[in-house]
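So you can see what is in the structure, the chains are spelled out below.
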Amino acid sequence: MASSQASNLILGLAAVVAVSTTLASMVCLMWATRRRRNLPDHTPPVTILKPLKGLDEELDENLRSFFQFDYPVYQLLFCVADPADPAIAVVQKLMHEFPAVDAQMIVGCPSFGLNPKVESLAAMAPYRKHDVILISDSNVRARPSYLRETACYLAEPGVGLVTNLFVGVGQRQAGAVMENLQLNGYIAGGMAMASAMGVTCVVGKSMMIPVRVLDAIGGFAGVRNLLAEDQVIGVLVRKAGYSIRLSHHVIENVNRNRDFSWFLNRHSRWFKIRRRMALPAFVFEPLANLATIGLVWAFSGDSGLAWGGLLGLVGLGMARDVFQTRWLGGPTPKLRHLLYSPIKDVMLLPLWFDAVVNSRVQWRGHRFHVGRLTRLRSARATRDVRRRMRRVRRYRIQNGGPRVFTTRLRFWSEDLGKPGT
């Protein structure tokens, strides 16, 4: 009896922490995205840098929105590493459709580092015409007022970087449903709370920064071998004496046909980034996992209070995801999609534990170790793979080996032995 009461007390306190942080993050989100009055009409010429790789979901519509901004002067730069990349045809079609927009396609990236996105950014840098740059991912879509409602924050004295919140939209498959619920619920609330507390939290889907500030922190060269180049740029901007603003303008992040493995791999990588960049927050992160706390509480005893706590915490998580999706401008989640809200919370907990003990990530088909400040280095093949490779070598020496073994050996060495592009 005493142990059951102690368990209820401990898990009840954990539930109080989870509820408090959830409600606080919702309030911060409402405050961050409120419509500002009397914002300055500050519209410096902007160069937009768009790294591309392959055909992202709804790429045509995503890029089309960037050709339709209500803004005096801006330049669009696109970059692909591979001359055969199908994204080239999409960009060329849009450039032909909008000839009045200053747009250019750069093909090919000189070797620059282990982070392929930074490699593309560095390849575009010599072609920029303006002294403010906007770094933007290919899977985002924006309204015509996006540039105006982001650039205006640069008019404030001392502001060195402006970033934006985003709302996940377009979900069809289960992985995309969970991704958008996580983005619109936990991630959006966490970004808003970090901004309110003055904690650096920058996401590379949208980063506007004056070139003089970028030069002051060492340019792209300083982040070329980092996984979380966006967050590190934010940290360096603050260390250089500048402030960071979170714009009230929300952009769309399109996730449509994603599976479970994509969702898990993505958030495994994000957990490891947060562990390396924000260890104190990472340590206490499970206390914000509503469904998992409720589930542990319910199965730790047979009291009605514990099972009531499970229902209350799961209900709060679902309510948060609905409310914040609507508040951010996304469509109301369907009821069958909301059932994934507690499921993805429970699925994320093992990824948190994995991030504690494992520094490996798989990114763009390649494996890396993530070190301090998310510094990347190529990971060695696993012990099982190395053992298999040794057997193949012995077989080839002794017998010449069939072609299938030679092909397998070449595949593993190429996949694990050199950085991605």
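Computed from a prediction, not measured in an experiment: that's the story for all the values here.

Asks: Teacher, can you tell me more about the pattern of salt bridges here?
Replies: Pairing between side chains of opposite charge can happen when the charged atoms of each approach one another. Under the criterion given, the structure shown has 19 salt bridges. Linking Arg245 and Glu156 is a salt bridge whose minimum nitrogen-to-oxygen distance equals 2.7 Å. Here Arg245, found in strand E8 (residues 243-254), pairs with Glu156, found in the loop between helix H5 (146-151) and strand E6 (159-169); they are 89 residues apart in sequence, far enough to count as distant. On the accessibility criterion, Glu156 (27% relative accessible area) is partly exposed. Through salt bridges with shared partners, one network takes in Asp60, Glu61, Arg64, Lys93 and Glu97.

Asks: Please explain helix H11 (residues 290-299) as it appears in this structure.
Replies: In an α-helix, one turn spans 3.6 residues, which is why side chains three or four residues apart end up on the same side. Judged by how many residues are buried, H11 sits mostly within the fold: seven of 10 residues are covered. What H11 keeps buried is the set Leu290, Ala291, Thr292, Ile293, Gly294, Trp297 and Ala298.

Asks: Looking at this structure, how should I read the sheet that holds E8?
Replies: Think of a sheet as strands paired side by side through backbone hydrogen bonds, with each pair either parallel or antiparallel. Spatially, the eight strands line up as an open sheet ordered E3-E2-E1-E4-E7-E6-E8-E5, and their pairing is mixed. The sheet is open, and its two borders are formed by strand E3 (102-107) and strand E5 (140-141), each paired with just one other strand. Pairing between E5 and E8: two bridges, direction antiparallel. Among the inter-strand pairings, Val140 is bridged to a residue of E8, identified as Asn253. Relative to the sheet, helix H4 (residues 116-124) contacts strand E1 (46-51), strand E2 (74-80), E3 and strand E4 (132-136), its axis offset from that of E1 by approximately 140°.

Asks: Explanation requested: the sheet that holds strand E11 (residues 376-378) in the structure shown.
Replies: Spatially, the three strands line up as an open sheet ordered E9-E10-E11, and their pairing is antiparallel. Looking at the sheet topology across the chains shown, the edges are occupied by strand E9 (360-363) and E11. Taking the axes of each pair of neighbouring strands and ignoring which way they run, one obtains an average angle of 45° across the sheet. Bridging between E9 and strand E10 (residues 366-370) involves four bridges; their strand directions are antiparallel. Bridge pairing in E10 places Val361 opposite Phe368. This element, helix H9 (residues 260-277), spans E9 and E10 of the sheet and lies at about 130° to E9.

Cut-offs used in this document
- Residues numbered from 1 in each chain as written.
- Predicted model: local features only at pLDDT ≥ 70, side-chain atom pairs only at ≥ 80, totals over all residues.
- Heavy atoms only, no water.
- Salt bridge = Lys/Arg side-chain N within 4 Å of Asp/Glu carboxyl O.
- Helix = DSSP H or I, 4+ residues; strand = E, 2+ residues; numbered from the N terminus.
- Buried < 20%, exposed > 50% of the residue type's maximum accessible area, 1.4 Å probe, protein only.
- Pairing = 2+ DSSP bridges.
- Contact = heavy atoms within 4.5 Å.
- Axes fitted to C-alpha atoms, helices over the stretch in contact; angles between N-to-C directions.

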